[in-house]
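Residues per chain are reported as follows:
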Number of protein chains: 2
Amino acid sequence: MKRKVKIGLVGFGTVGSGVYELIKKNGAVISKRTDIELEIKTICDLRLDYVKETVSNINLTTNWKDLLEDDEIETIVELIGGIEPARTIIIEALKAGKNIVTANKKLLAEAGTEIFELSNKKSAKLGFEASVGGGIPCLQALKSGLVGNRIDKVAGILNGTTNYILTKMEEDGLSFAESLAEAQKLGFAEADPTFDIEGYDAGHKITLLSMLAFNKNIDYKSVEMEGITKLETIDTEYARSMGYAVKLLGIAKRSGNGVDISVRPTLIHEEHPLASVRNEFNAIMFENDMTGPVFLYGKGAGSLPTASAVVSDVIQIALKSDVEESAITIEGNAEIVLSSARNSRYYLRIFTDDKPGILQKLAGALAENNVSISSLVQEEYEGDHVPLLFITHEANEAGIKKSIEKINTFDFIKKPVMMIRIED
Amino acid sequence: MKRKVKIGLVGFGTVGSGVYELIKKNGAVISKRTDIELEIKTICDLRLDYVKETVSNINLTTNWKDLLEDDEIETIVELIGGIEPARTIIIEALKAGKNIVTANKKLLAEAGTEIFELSNKKSAKLGFEASVGGGIPCLQALKSGLVGNRIDKVAGILNGTTNYILTKMEEDGLSFAESLAEAQKLGFAEADPTFDIEGYDAGHKITLLSMLAFNKNIDYKSVEMEGITKLETIDTEYARSMGYAVKLLGIAKRSGNGVDISVRPTLIHEEHPLASVRNEFNAIMFENDMTGPVFLYGKGAGSLPTASAVVSDVIQIALKSDVEESAITIEGNAEIVLSSARNSRYYLRIFTDDKPGILQKLAGALAENNVSISSLVQEEYEGDHVPLLFITHEANEAGIKKSIEKINTFDFIKKPVMMIRIED
C-alpha cells in the first residue's frame, strides 16, 4: 500500500522548480523504492503568473498561512531563503505540527537556535540536508552513517563559486577579477558575488556542519571568515610549484573543549583529496575516530542537485514515524578557539621596493615573534615591486599576525602582506 | 528518556571485537545524539576462552539459537561471514522477528534472495551497510540520500588489498608479486589472497550496489570478473606515462533495459576522482540524473571502520519504527549486458619476438574485427621479448576478443595478450 505524502512548497525559484521537476520525473521510481507517493499539493509564491507557466493541477497561493491550515499537507518545503519571512514560516509551521524541509543555511546558521529547539520538541521534524553541499548527502552521513564516531575535524570546499574562481586562477593563470567575470558569465557567480567571495556562504555551511559534528551550538558571528578577493595569480602559481593547491576551506577542529573554526584560503598538498576538487564542485571531509577520513564529493548547488537533497529529506521524514530522533543534538555553546591558540605553517607573500636592507628588516620582524622561515623565494622585479614568497616553520598565528602588522608599516611595502595558512 | 537496544553479537573476530570496542568507547556520545543506549547483551562465538580475554559482563554462548530465544534481544549482528551457518542464522532470526545487521557480502550477493524477501515482509529489518565500503556510508547514500535519483552508473574501487597492490606497482615500480608480498606483510592481504586478487570480493560488492542502484536482482554468477594477477609493472608505468591510472574497478551501468556489470582492471584518466584513490582506501562513484556525479571515499575495511557501519545500521533500524521501508526494492532480474554489446577504447600489451613482419600480422588481426589503432609504442627489446603497447580507438569488445584470440595463436607471441579497458 502506497502512502501519499502531500507537500506544501514555499518558493518556486531555482530549487523550488527543481523539486517540482524531480518529483514529476522520478516520482514513480521513488514510490517503487519507498512505498511513498510524493505530491506537491500547494505552491506558495508571490509570482503566480510565473509559476503558472510551468505547473498545472497544483493549488497556488501567495499566502503561506494557507499551507499551515491545510490538514492534508504534512511537510512544508521552505525555499525562499533569507531570514524573514522564512523564519516566521518555519517556526509557525513547526508549531502547527508540520514537518519542515529547508535549504536555508543563512537562517539556520545565523538564527537557528529557536528552530532547532522547536524541532527537538518532536511534534514535527526538520530536515536541512539541502542547506549544505547541494546534492551531496553529507549531513545524513554525519548524523546517521557516522553516528558511532567522535568527529575530530570537518573540512570542506563548501562554495562552488569560489572554487570555480580558484580553479581558473590556478589552471589558466587568470586574475581574480577575470576568473570572477568568467564565473558570472557561466552562471556560477551572481551579479553581486559578495556573499560567496567573502566566505559568508561557506561560513554558514561550516557552522551547520560543526553543530552536527560536535553537538554544540556555534555562534556564527564568532566564526573567522576570510574570502578570496585578496588572492593573486602569483599565490596560486607559487603554491602549485610547491605542490600545493589554494582552496577556500571551511575548517572546524575539535580542540580541547573548544572548536577551532574558520573559513579562509588554505594551502593543501596536491595529494590531499580536497586539492583535486575542481571547478564548481564541492567536497567535505570528516576525520573520525573509528572510520578515519571519510570524503564526499559532488555538485554543491544548482536546481536539481539541491532538489535531490530536499526530496531525500521529505522521504526520510515520512519514513521515520518514530519521533525520538532529534533533528539536531546540541548541548551548550562551543567555546571558539582564538587564533592566538592556533599553530601552523604559513605562506606569506610580500611585495616590496627593490632596495638593500629590506630582507633584514622583514626577517627581523618575523624573528621578533618567533616566526622562523622554512623557505624563501625572491622573484624577479615585476612592474613596480619585488615579490617575496615565504613559507614559515610551524608558528603561532597571533605571533605571525603581530609580525605582519609591523611589516605592513614599513615604507618599502607596496601592498598589505598576504598570509595563507598551510593545512598539513 | 533513553531507549535501550539490546544486541546479540554472532562472531567475535576482527569486526565483532571492533563493534564491542566502538560501543564501549562511543556509547555515551551515541546515546546523546540519538536517545538510544546500545548494549551488547550476548556474544555467540565458538572460541569463548578467547572472547573472555576481552569482554566482561556480557553473556557468552556457543549456540546462536540462544540469541533468538532471548526476547530482550531486538537486533542480531551477524559477523561470522561465509554462507553457512550465517545463512541459517539470518533466516531464522528474521523469521523470529529479530532485526539483522550483517557485513556478509558473500552471502547476500550469492544467496541473498531469500533473505531480502524475508526482510521485505517487514516483520524485522535488515541492515548491510558494513558489507560494502567499510566505514563509507555508501549504501545509505544510495538508498536514502540519493533516493530521488535515477542511478545511471556505479563505479568503485571496492577492494583495499588490490588497490594497495596497484598503488605499489604504480608508485614504486614493484612487480605484482613483490607488491602482494608487501601487502601481506602489512596485513592488507591475507595469506591466501585469491578472493581479493581475483576480483571476487569486489564482485560481491558491485553486485549488492547494483541491486540497490537499479532495483533489480543481479545474478552474481553472471558478473564478469577479472582480477589483477596478470598485470605487470610495464602496464602501470605505461598507463601513467599516458596520464592514466590502472585500477581494479567494479562497474555497473544502466544499459537499455539491462545492466552492464563487471569487475576488472581499468584505465582511468588521472583527473578522475577514482584515479587518486591510493593504497588501501576504497571509493564509490554514483552517476545520477539529478545530482550528477557523487563520490564517496574512505577506509573500505578494518575492524573499527566496519564496526562504524554496523553500529550505524543498528541505530537506524532502532530509530525507524515505521516498517514500511523496504530493506531492498527488487523488481525482477536484471538482464546482464554481454560484453559483445560493449564498445570502448582498449589498451593491449603484446610481448613478441624481435623479427620482421610481426607488426603487419598484429595490425591485420586487429583490422579483421574493425579494431583500429589510436596509438602504438614499441619499447626496447627486454629480456627475451619486445613489448608492444597499443591503444585502440573505440571498438566492440567482442571484436577485440576475437582479434586477441587469433593473436595468441601466432608463434611469435611470448605471453597471452593483456587487454585493459579504458573508462572514459
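Small disclaimer: the values here were computed from a predicted structure and weren't measured.

A. Structural context of the pairing of strand S7 (residues 151–157) of chain A. All names here are of chain A. Among the seven residues in S7, five count as buried, and that is most of the element. In the sheet, S7 pairs with strand S11 (residues 281–288) via six bridges, with the strands oriented antiparallel. By the bridge assignment for S11, Lys153 is matched with Glu287. Two strands pair when backbone bridges link them, and S7 and strand S9 (residues 244–255) are joined in this way by four bridges, in the antiparallel orientation. Counterpart to Lys153 in the pairing with S9 is Lys253.

B. Structural detail: the interface of chain A and chain B. Chain A puts 51 residues into the contact, and the matching count from chain B is 51 residues. When residues of the side of chain A that touches chain B are traced back to their parent elements, those giving at least two are helix H1 (14–34), helix H7 (138–145), strand S12 (292–299) and helix H13 (303–319) of chain A. Broken down by element, the residue count for the side of chain A that touches chain B peaks at nine residues, all from H13 of chain A. Relative to strand S12 (residues 292–299) of chain B, S12 of chain A runs antiparallel, the two sharing three bridges. Paired with Phe295 of chain A across the two strands is Tyr297 of chain B, which belongs to S12 of chain B.

C. Highlighting the domain arrangement of chain A. All names here are of chain A. Domain annotation for chain A reports domain 1 (3–134 + 305–319), domain 2 (139–299) and domain 3 (339–423). Between the C-alpha centres of domain 2 and domain 3 the distance comes to 24 Å. At the interface, 13 residues of domain 2 touch 11 residues of domain 3. Where the side of domain 2 that touches domain 3 is concerned, the elements lending two or more residues are helix H12 (233–241), S9 and strand S10 (258–269). Of the residues assigned to the side of domain 2 that touches domain 3, the class counts are seven nonpolar, one polar and five charged.

D. Region of the structure containing the packing of helix H14 (residues 358–367) of chain B against helix H15 (residues 397–409) of chain B. Residues and elements named next belong to chain B. Interaxial distance between H14 and H15 falls to 8 Å at its minimum, and their mutual angle equals 150°. Classified by the interaxial angle, the pair formed by H14 and H15 is roughly antiparallel. Our pair here, H14 against H15, has a crossing hand that is right-handed. Contact residues: H14 offers Leu362, Ala365 and Leu366, while H15 offers Ser403, Lys406 and Ile407.

E. Layout of the packing of helix H1 (residues 14–34) of chain B against helix H13 (residues 303–319) of chain B. Residue and element names in this part refer to chain B. At a minimum axis distance of 8 Å, the contact between H1 and H13 shows a crossing angle of 50°. Regarding the angle of H1 to H13, the classification is oblique. Viewed along their axes, H1 and H13 form a crossing whose handedness is right-handed. The residues of H13 that touch H1, namely those facing Thr14, Val15, Ser17, Gly18, Val19, Glu21, Leu22, Ile23, Ile30 and Thr34, are Ser303, Leu304, Thr306, Ala307, Ser308, Val310, Val311, Ile315 and Leu319. Here the residues of the contact of H1 with H13 sort into 11 nonpolar, seven polar and one charged.

F. Region of interest: the relation of the copies chain A and chain B. By a simple turn and slide, chain A fits onto chain B: the slide is 0.0 Å along the axis, the RMSD is 0.0 Å, and the turn is 180°. What we have between these two chains is a two-fold relation.

G. Structural context of the nonpolar core. Judged by nonpolar contacts, the single largest core of 277 residues is most densely connected at Val310 and Val314 of chain A together with Val310 and Val314 of chain B. Not counting residues within four places of it along the chain, the set of residues in contact with Val314 of chain A comprises Val5, Ile7, Leu38, Thr75, Val77 and Val101 of chain A.

H. The environment of Ala239 of chain A, seen in detail. Residue and element names in this part refer to chain A. Looking at the element boundaries, Ala239 is found in helix H12. Overall, the presence of 24 C-beta atoms within 10 Å leaves Ala239 in the buried class. In this structure the C-alpha to C-alpha distance between Ala239 and Glu182, which are 57 residues apart in sequence, comes to 22 Å. Discounting chain neighbours no more than four positions away, the residues touching Ala239 are Tyr244, Ala245, Val246 and Leu267.

I. Broad picture of helix H9 (residues 176–185) of chain A. Residues and elements named next belong to chain A. Of the residues making up H9, those classed as buried are Phe176, Ser179, Leu180 and Ala183. For H9, the angular spread of the buried residues around the axis is 100°, confining them to a single face. Summarising the geometry of H9, the exposed residues directed more than 90 degrees from the buried face are Ala177 and Lys185. Lining the buried residues of H9 we find helix H8 (160–172). Downstream of H9 by a residue or two, Gly187 has a phi angle that is positive, lying close to 80°.

J. Expanded view of the sheet that holds strand S6 (residues 126–127) of chain B. Residue and element names in this part refer to chain B. One open sheet holds the six strands; their spatial order is S3-S2-S1-S4-S5-S6, and the pairing between them is parallel. On the outer flanks of this sheet lie strand S3 (59–61) and S6, each paired with one strand and no other. Sheet topology note: the strand S2 (residues 36–44)/S3 ladder contains three bridges and is parallel. When the bridges of S3 are listed, Thr42 appears paired with Asn59. Its contacts with the sheet put H13 on strand S1 (3–10), S2, strand S4 (73–78), strand S5 (99–102) and S6, and the angle it makes with S5 is roughly 160°.

Conventions and cut-offs
Residues numbered from 1 in each chain as written. Chains lettered and ligands numbered in written order. Predicted model: local features only at pLDDT ≥ 70, side-chain atom pairs only at ≥ 80, totals over all residues. Buried ≥ 20, exposed ≤ 12 C-beta atoms within 10 Å, placed from the backbone. Helix = DSSP H or I, 4+ residues; strand = E, 2+ residues; numbered from the N terminus. Pairing = 2+ DSSP bridges. Contact = placed C-beta atoms within 7 Å. Domains from an automatic or database assignment. Nonpolar A, V, L, I, M, F, W, Y, C, P; charged D, E, K, R; others polar. Axes fitted to C-alpha atoms, helices over the stretch in contact; angles between N-to-C directions. Parallel < 35°, antiparallel > 145°, perpendicular 65-115°, else oblique. Left-handed = near helix turned anticlockwise from the far one by under 90°. Least-squares fit on C-alpha atoms with pLDDT ≥ 70 in both. Core = buried A, V, L, I, M, F, W, Y, C linked by C-beta atoms within 7 Å. Arc of directions from axis to C-beta.

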